[in-house]
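Working through the structure, step by step
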Amino acid sequence: MKSQKGHLETQKGPWTYSASGAGDGDIAEDMMRPDMAAMFALRHLLSLPLLTLFLSSCGPVVPATPLSGEARPARVVEQRLSDSPAPRGAGLLRQAMLNGHRAARAEVGLPPLTWSDSLAASALAYAQELARTGRFQHAEQVQGPARQGENLWTGTRGAYRYDEMMGHWRAEQRHFVNLPIPNASRTGRFGDVGHYTQIVWARSTAVGCAMASNARDDFLVCRYSPTGNVFGERAF
């Protein structure tokens, strides 16, 4: 399981972080003094379920059901090299997302995605909902041609640059094999590649992304049209 439910907590004095590796399926616990806590950033990811099946990052393939019970993934614990906040701004976000998607798709011979203001507005509305509620789960969408693809990311507020967020998704390429969904991962877990497969989905032509924050976390949402990760189809 790529991600497990976890959080920062105190157990008999030392700080305990529950973390999972980047797709390796193992849980690692790091015991740290309270004065070390500021040196660590936390993040987690969620990839869009399949078009005809709902498949969370760490869950099994199940029939289409509401996402209200979707488990919140655990956070990956990483050391921060600087306490300075990452640069922010709508223009920087748009450029970083376009650059990252363009590079990933070019590596496999696909044309770049175009930016969609309507998809970005949809992404912003949902990012704001995630920030307001503190939930981290996919939006409930009706099946049909209007359905949007979705990639989600969250991490410690101000700790990550936009290109780093994009890089976490692109890093899933190491597990990717271009077989029909959900058999596109060398690990046997589609959740280990689900962000990447949406990024390089050949029939997706447009993307729009936005980020919102609460006091603790940043929430990045990217929406895609047409949707990717269609059950039984290859990415490209």
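The coordinates are above.
Computed from a predicted model, the values in this text were never measured in an experiment. (Residues numbered from 1 in each chain as written. Predicted model: local features only at pLDDT ≥ 70, side-chain atom pairs only at ≥ 80, totals over all residues. Heavy atoms only, no water.)

**A word on the packing of aromatic side chains**
- For the structure on display, the rule yields 3 aromatic pairs.
- With a centroid separation of 5.2 Å and an interplanar angle of 80°, the aromatic rings of Trp153 and Tyr160 are classed as edge-to-face. Tyr160 shares its class with Trp153; the two are buried.
- Considering the side-chain rings of Phe176 and Phe236, the 5.8 Å spacing of their centres and the 40° angle between planes classify their relative orientation as tilted. (Phe/Tyr/Trp six-rings, centres within 6.5 Å; stacked < 30°, edge-to-face > 60°. Buried < 20%, exposed > 50% of the residue type's maximum accessible area, 1.4 Å probe, protein only.)

**Notes on helix H1 (residues 90–107)**
- Under the 1.5 Å per step criterion, the end-to-end length of H1 is 26 Å for 18 residues, consistent within 8% with the ideal 26 Å.
- Gly109 lies just past H1 and shows a positive phi near 80°. (Helix = DSSP H or I, 4+ residues; strand = E, 2+ residues; numbered from the N terminus. Expected span 1.5 Å × (residues − 1).)

**Considering the pairing of strand E8 (residues 206–213)**
- Counting buried residues along E8, 7 of its 8 residues qualify, which places the element largely inside the surrounding structure.
- Of the strand pairs in this sheet, strand E6 (residues 114–115) and E8 are connected by 2 bridges, and their pairing is parallel. Among the inter-strand pairings, Thr114 is bridged to a residue of E8, identified as Ala206.
- Relative to strand E9 (residues 217–225), E8 is paired through 8 bridges, and the arrangement is antiparallel. The residue bridging Ala212 from the neighbouring strand is Phe219, located in E9. (Pairing = 2+ DSSP bridges.)

**Let's talk about the pattern of salt bridges**
- Summed over all chains, the structure comprises 9 salt bridges.
- In this structure, Glu129 engages Arg135 in a salt bridge whose closest nitrogen and oxygen atoms are separated by 2.8 Å.
- When its relative accessible area of 27% is taken as the criterion, Glu129 is described as partly exposed.
- On the basis of relative accessibility, which here comes to 33%, the residue Arg135 falls in the partly exposed class.
- Between Arg203 and Glu233 there is a salt bridge, and its shortest N-O distance comes to 2.7 Å. A residue pair is termed long-range when its members are at least 10 positions apart, and Arg203 in the loop between helix H4 (194–199) and E8 and Glu233 in the segment after E9 qualify at 30 residues.
- With relative accessibility at 45%, the residue Arg203 sits in the partly exposed group.
- The class of Glu233 is partly exposed, set by a relative accessible area of 29%.
- In the salt-bridge network here, residues are joined through shared partners; they are Arg161, Asp163 and Glu164. (Salt bridge = Lys/Arg side-chain N within 4 Å of Asp/Glu carboxyl O.)

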